[in-house]
Amino acid sequence: MNLLLPGSYTEWRHCITEICGIPLGESFIRERLIALDDDNDHMTRKFIELYGREH
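This is a predicted model, so every value here is computed, not measured.

Participant: What exactly am I supposed to notice about the overall build of the chain here?
Facilitator: Each helix and strand counted, the chain has three helices and zero strands in total. Counting only C-alpha atoms, the chain reaches 30 × 25 × 15 Å along its principal axes. For the chain, buried positions account for 11% of its 55 residues. Accessible surface computed for the chain: about 4700 Å², of which carbon and sulfur atoms make up 56%. Between the mean site of the 6 positive side-chain charges and the mean site of the 10 negative ones, the chain shows a separation of 1 Å.

Quick look at the structure:
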């Protein structure tokens, strides 16, 4: 597993749920959708930088 960026959904899920201890529930999804709609959010800017706005 790449320690900087997960290479698959399985790796991403492991990072979020196991390493970070974040449950993938409705509140997590709601918070991420709100953040992804905010161009001033640090993680949103990083996501766009890494993957491009089209994602």
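Participant: Quick question: what am I supposed to make of the side chain of Thr 44 here?
Facilitator: With respect to the helices and strands, the residue Thr 44 is situated in helix 3 (residues 42-51). Residues within four places of Thr 44 in sequence aside, it is in contact with Ala 35, Leu 36, Asp 38 and Asp 39.

Participant: Could you clarify how one ought to interpret the pattern of salt bridges in this entry?
Facilitator: Any two side chains of opposite charge can pair if their charged atoms end up close together. Tallied over the entire structure, the rule returns three salt bridges. When the shortest N-O distance is used, the salt bridge between Arg 53 and Asp 39 registers 3.3 Å. Residue Arg 53 is found in the segment after helix 3, and its partner Asp 39 is found in the loop between helix 2 (26-36) and helix 3; the two are separated by 14 residues along the sequence.

Cut-off values and rules
- Residues numbered from 1 in each chain as written.
- Predicted model: local features only at pLDDT ≥ 70, side-chain atom pairs only at ≥ 80, totals over all residues.
- Heavy atoms only, no water.
- Helix = DSSP H or I, 4+ residues; strand = E, 2+ residues; numbered from the N terminus.
- Buried < 20%, exposed > 50% of the residue type's maximum accessible area, 1.4 Å probe, protein only.
- Areas by Shrake-Rupley, 256 points an atom, 1.4 Å probe, with all protein chains shown as cover.
- Lys, Arg positive; Asp, Glu negative; His and termini not counted.
- Charge placed at Lys NZ, Arg CZ, Asp CG, Glu CD.
- Contact = heavy atoms within 4.5 Å.
- Salt bridge = Lys/Arg side-chain N within 4 Å of Asp/Glu carboxyl O.

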